[in-house]
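# Architecture and fold: a report
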Amino acid sequence: LRSRIVGAVRRPLVIGTALLLGAVIQPVSEAWAEGETPAVKPAAKKRWEDYDAEVLALYRRGKYPEAMAAAEAALEVAGKQVAKSLNDLGALHHAQGHYAKAEPLYQQSLAMREATFGQEHPDLCMSLNNLAELYKATKEYDRAEPLLKRSLAIRVKTFGPAHRDVGASLSSLAALYKLQGKSDYAERLYVRAIEVMKEAEGANPGEVAGAQNDLGV
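About the cut-offs
- Residues numbered from 1 in each chain as written.
- Predicted model: local features only at pLDDT ≥ 70, side-chain atom pairs only at ≥ 80, totals over all residues.
- Heavy atoms only, no water.
- Helix = DSSP H or I, 4+ residues; strand = E, 2+ residues; numbered from the N terminus.
- Buried < 20%, exposed > 50% of the residue type's maximum accessible area, 1.4 Å probe, protein only.
- Areas by Shrake-Rupley, 256 points an atom, 1.4 Å probe, with all protein chains shown as cover.
- Salt bridge = Lys/Arg side-chain N within 4 Å of Asp/Glu carboxyl O.
- pLDDT = per-residue confidence, 0-100.
- Contact = heavy atoms within 4.5 Å.

Each helix and strand in the chain was counted, giving 11 helices and 0 strands. Seen in sequence order, the chain has helices and strands lined up from the N terminus as α-α-α-α-α-α-α-α-α-α-α. Residues counted as buried form 46% of the 217 residues belonging to the chain. A total of about 10,700 Å² of accessible surface is found on the chain, and carbon and sulfur atoms cover 54% of it.

Counted under the stated rule, the structure contains 8 salt bridges. A salt bridge links K46 to D50; the shortest N-O distance between them is 2.9 Å. Of the two residues, K46 and D50 both sit in helix α3 (residues 42–60), 4 residues apart, roughly one turn of that helix. Judged by its relative accessible area of 42%, D50 falls in the partly exposed class. Linking E140 and R143 is a salt bridge whose minimum nitrogen-to-oxygen distance equals 3.0 Å. By relative accessible area, R143 is classed as partly exposed at 38%. A single salt-bridge network, built from bridges that share partners, covers E103, E140 and R143.

For the chain, mean pLDDT is 79; residues scoring 70 or higher make up 75% of the total. At the level of individual helices and strands, the chain shows its lowest average pLDDT in helix α2 (residues 14–33), which scores 29, and its highest in helix α8 (residues 141–159), which scores 97. Long-range and interchain partners of residues 3–38, a stretch whose pLDDT sits below 50, account for 76 contacts in this model, where long-range means more than four residues apart.

Shown next, in the form of structure tokens:
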């Protein structure tokens, strides 16, 4: 969700979270790892899609408690979309500064995607980027860097060096180096990111402007 909103990037009750982690997430995670993804009946799939849309709408309006309730409901009927629903729950916690609760949800989402798609699939990038953003927020920069580099490498390999998503990854890595005070590294990456974003198919002027503002041009 965070990546979907903020730049793909871009909250559950304590009891609800505990129940979900104990009763739903772990068994489903094991099923995915074994290739036994639960079937989703059409009615359940429609309910998940409705909940998912509601989560996004409420997130955008800043109604986090309501969004968390919808995200928990979505997780209960998620089926094959469990990894995405876990990511959304993590993003809602993240947005409220509940980093300790967001981290395991992001990690489980990433692990499930790796088990399902392998180590180099572009669907992993949402989880990698969100987890990296979390570590930026907690100032664990050494943990954020390899995640962002991995996401960048996956996107370059999948889409080529001139893709819009590659530009977004370059910008995210540049932002990390800027936080670390590595100005020269950050500047070079921002320049590359802006070049890619401007020339890429489907270029987003807002993303270009954001990178230019971060660079200071």
